[in-house]
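Examining the three-dimensional arrangement
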Amino acid sequence: MPGGPAATGEGIGASAPKNKLAGIAMTAFAAFGGILFGYDTGTISGIIQMNDWLRTFGVPTTDTKTYPLGFYLPSSRESLVVSILSAGTFFGALLGAPAADILGRRLGIMASCLVFCLGVALQTGSHDLATFVVGRVFAGLGVGLVSTLIPMYQSECSPKWIRGAVVSGYQWAITIGLLLAAVVNNATKDRQDHSSWQISISIQFIWAFVLCVGMFYLPESPRWLIKKGKDKAAAKALSRLTSLDPQDPEVETELNDIRVALKEEMELGESSYLDCFRASHNKIALRTLSGIFIQAWQQLTGINFIFYYGTTFFTNAGIKNPFLITIATNIVNVFMTLPGMWGVERFGRRSLLLWGAVVMCICEYLVAIIGVTISVSDTAGQKALIALVCIYIAAFASTWGPIAWVITGEIFPLNIRAKAMSLSVASNWLWNFGIGYATPYLVNTGPGNAGLGVKVFFIWGSTCAGCVLFTYFCIPETKGLSLEQVDLLYQNSTPLTSTRYRKELIAQDVHISDVKGVTEARHDDKASTEKV
């Protein structure tokens, strides 16, 4: 987004009491877009195992002993079909910044739904692999746009005391989408015609319709409206988010704060993507790289191995009815995200990321060790594998799942935030694509494949150890800070000293405008002041 402000100024609902739920409900609804992401990610795992889909898009074989259906999916096709969505989302995420600036956050999300629907239509009506793959690309473009625009919209429009939980709602919606995909796949998998996979795919029209219609009734981001010179519209949008009258002094005060931040940004001039990596007192390069790498490490935890290839993996591990096990793992994913949404504001970002990575690391090494020492007929061993995978998923869902999106939404300075955020989300999808494409070659047996099988969890365990080191040295604690105070935190502390300095900022109620010498009236009653 060229020069676009994002999540800047003093905030939405600064003086609205904490029990004002209207703005929270509106920004939380935007998280529904996560269902598009989660469902499309989860449904492909089961679809590529369905008999009619294999007969339509697979390769015939005479090896009926190994492939009783007479059709199979080579690693090259499996990689292409699964990972091509992520290729589309990578470019969609990069397009999110200009879309947010030109169309606005709200209309940008609605346009994303239309692009997504085009991809769903192509997949549903396809009878050859090329059309199916093109449909996956367009669906990916839509999901990539949504994955940039929704956290941006939520961060800009939610109050700081619950911002982490609201943005975490996006990850919760992703987990719900994954669960719905597993349930629908299990319900249609035994059909022996095209409807087995066409039903699973076409249901996505419903998710896109609900999101698009819902966003029609939501307000636009006041910050984007101020940037476009639409002050009256910004006042109206802010009044809806805060449940205050458009003429209320508190609304005007917050709009003035947004104008001050916008003026400061304009004085810095138009920013480019190269500016995201420049060294400065504001540690812009560190912040941009932290956003890019936290999204990369989130993918390198190996979580999407379970949701992309879980059905195949559990089948190869000798587990009966892998579709039901996939549903069970998705249920764990959904319900364990809820403690994360609470914990992110109770325990903070940094500590949850550290402990979550430690638990995942231990579980994945145990899965790998047990998996290589037991036989496929060892019932007790198979149950242990399932239990450990569920614990691992629970650790991810309550820590790295939601918190990576929270960090991405709040660590960037105003003048490069939209661009840095689009780079971070693109990093998520780039690694998503790489892992999705490489995994069949790593796990499957046969010529040209590594045949690692369950030993792939040694890799995921090692990457989780990397997550611990990255968090310890690169991610500061930002819980309870306004977006302006996050700037001060980066300027005057390091990730290792951030917890102590954060406490000082909160105790002394330090504001960036005070530090810069901007003379503005402040409320004496701090208890009634809640800034984004």
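Everything below is about the structure shown above.
Quick summary incoming for the structure in this document. Since we're looking at a predicted model, the values are computed, not measured.

Next up on the list: the overall build of the protein chain. A count of helices and strands for the protein chain gives 23 helices and 2 strands. When each of the 532 residues of the protein chain is scored for burial, the buried share is 60%. Here the contacts in the protein chain between residues at least 6 apart in sequence split such that 79% fall between residues at least 24 apart.

A few words now on the pattern of salt bridges. Within this structure, the stated rule accounts for 7 salt bridges. A salt bridge links aspartate 40 to arginine 136; the nearest nitrogen and oxygen atoms lie 3.8 Å apart. Taken as a pair, aspartate 40 in helix α2 (residues 33-47) and arginine 136 in helix α6 (residues 129-157) lie far apart in primary sequence, 96 residues in all. Each member of the pair, aspartate 40 together with arginine 136, is buried. Its salt-bridge partner being arginine 278, residue aspartate 275 comes within 3.7 Å of it at the nearest N-O pair. Judged by its relative accessible area of 31%, arginine 278 falls in the partly exposed class.

This part covers the packing of aromatic side chains. Taken as a whole and assessed by the stated rule, the structure comprises 19 aromatic pairs. Ring plane angle 80° and centroid distance 5.1 Å describe the contact between phenylalanine 90 and phenylalanine 91, whose orientation is recorded as edge-to-face. Residue phenylalanine 91 is classed as exposed on the basis of its relative accessible area of 51%. With a centroid separation of 6.5 Å and 35° between ring planes, the pair formed by tryptophan 297 and phenylalanine 470 is classed as tilted.

Another aspect to go through is the nonpolar core. Trp53, Trp400 and Phe457 are the most contacted members of the largest nonpolar core, which totals 119 residues. Ranked by residue count, the leading element in this core is α6, at 12 residues. Listed in part, the 11 residues of the second largest apolar core include Trp224, Leu225, Ile226 and Ala237.

Note: α-helices contain 3.6 residues per turn, so residues at a spacing of three or four share the same orientation. Between its terminal C-alpha atoms helix α9 (residues 204-217) stretches 21 Å, which fits the 20 Å expected from 14 residues at 1.5 Å a residue. Along α9, the positions that sit buried rather than exposed are Gln204, Trp207, Ala208, Leu211, Cys212, Gly214 and Met215. Burial along α9 is one-sided: seen end-on, the buried residues are contained in an arc of 170°. The exposed set on the far side of α9, more than 90 degrees from its buried face, consists of Phe209, Phe216 and Tyr217.

Another point: the packing of helix α16 (residues 349-373) against helix α17 (residues 379-398). One way to put it is that α16 packs onto α17 with a least axis distance of 9 Å and a crossing angle of 165°. Viewed along their axes, α16 and α17 adopt a mutual orientation that is roughly antiparallel. In the packing of α16 onto α17, the handedness of the crossing is left-handed. Seen from α16, the contacting residues are Leu352, Gly356, Val359, Met360, Cys363, Glu364, Leu366, Val367, Ile370 and Gly371; seen from α17, they are Gly381, Ala384, Leu385, Leu388, Val389, Ile391, Tyr392, Ala395, Phe396 and Ser398.

What follows covers unusual backbone geometry. Non-glycine residue lysine 283 carries a positive phi angle of around 55°. Structurally, lysine 283 is set in the loop between α12 (249-268) and α13 (284-300). Overall, lysine 283 belongs to the partly exposed group, its relative accessible area being 24%.

Turning to a nonpolar patch on the surface, a few remarks are in order. Taken together, the side chains of Ile206, Phe209, Val210, Val213, Phe216 and Tyr217 present a nonpolar region at the surface, about 620 Å² in accessible area. Residue placement: valine 210 occurs in helix α9.

As a further point, take helix α22 (residues 498-508). Among the residues of α22, those classed as buried are Ser498, Tyr501, Arg502 and Leu505. Seen end-on, α22 carries its buried residues on one side only, within an arc spanning 105°. Along α22, exposed side chains directed more than 90 degrees from the buried face belong to Arg500, Lys503, Ala507 and Gln508. In this fold, the buried residues of α22 make contact with α21 (483-492). At the exit of α22 stands aspartate 509, carrying a positive phi of roughly 50°.

This part covers the environment of glycine 142. Secondary-structure assignment places glycine 142 in helix α6. A relative accessible area of 0% means that glycine 142 is categorised as buried. Other than its neighbours up to four places away in sequence, glycine 142 contacts Ser112, Val115 and Phe116.

Position of threonine 175 relative to the elements: it lies in helix α7 (residues 163-188). For threonine 175, a relative accessible area of 0% translates into the label buried. When neighbours within four sequence positions are excluded, threonine 175 is seen to be in contact with Asn333, Val334 and Thr337.

The subject of this paragraph is the state of the cysteines. Tallying each qualifying case throughout the model produces 0 disulfides. Cysteine 361 takes part in no disulfide bond, and the closest cysteine sulfur to it belongs to cysteine 464, at a distance of 6.2 Å. A relative accessible area of 13% means that cysteine 361 is categorised as buried.

Before going further, it helps to examine the packing of α7 against helix α8 (residues 195-202). Interaxial distance between α7 and α8 falls to 9 Å at its minimum, and their mutual angle equals 160°. The angle between α7 and α8 falls in the class roughly antiparallel. Crossing handedness for the pair α7 and α8: right-handed. Side by side, α7 and α8 meet where Val184, Asn185 and Thr188 of the first sit next to Ser196, Ile199 and Ser200 of the second.

Below, the discussion takes up the environment of isoleucine 199. Relative to the elements of secondary structure, isoleucine 199 occurs in helix α8. Taking C-alpha positions, isoleucine 199 is 8.8 Å from asparagine 185, a pair spaced 14 residues apart along the chain.

Rules used in this analysis
Residues numbered from 1 in each chain as written. Predicted model: local features only at pLDDT ≥ 70, side-chain atom pairs only at ≥ 80, totals over all residues. Heavy atoms only, no water. Helix = DSSP H or I, 4+ residues; strand = E, 2+ residues; numbered from the N terminus. Buried < 20%, exposed > 50% of the residue type's maximum accessible area, 1.4 Å probe, protein only. Contact = heavy atoms within 4.5 Å. Salt bridge = Lys/Arg side-chain N within 4 Å of Asp/Glu carboxyl O. Phe/Tyr/Trp six-rings, centres within 6.5 Å; stacked < 30°, edge-to-face > 60°. Core = buried A, V, L, I, M, F, W, Y, C linked by side-chain atoms within 4.5 Å. Expected span 1.5 Å × (residues − 1). Arc of directions from axis to C-beta. Axes fitted to C-alpha atoms, helices over the stretch in contact; angles between N-to-C directions. Parallel < 35°, antiparallel > 145°, perpendicular 65-115°, else oblique. Left-handed = near helix turned anticlockwise from the far one by under 90°. Patch = residues over 30% accessible without salt bridge, like charges linked within 9 Å, V, L, I, M, F, W, Y side chains within 5 Å. Areas by Shrake-Rupley, 256 points an atom, 1.4 Å probe, with all protein chains shown as cover. Disulfide = S-S within 2.5 Å.

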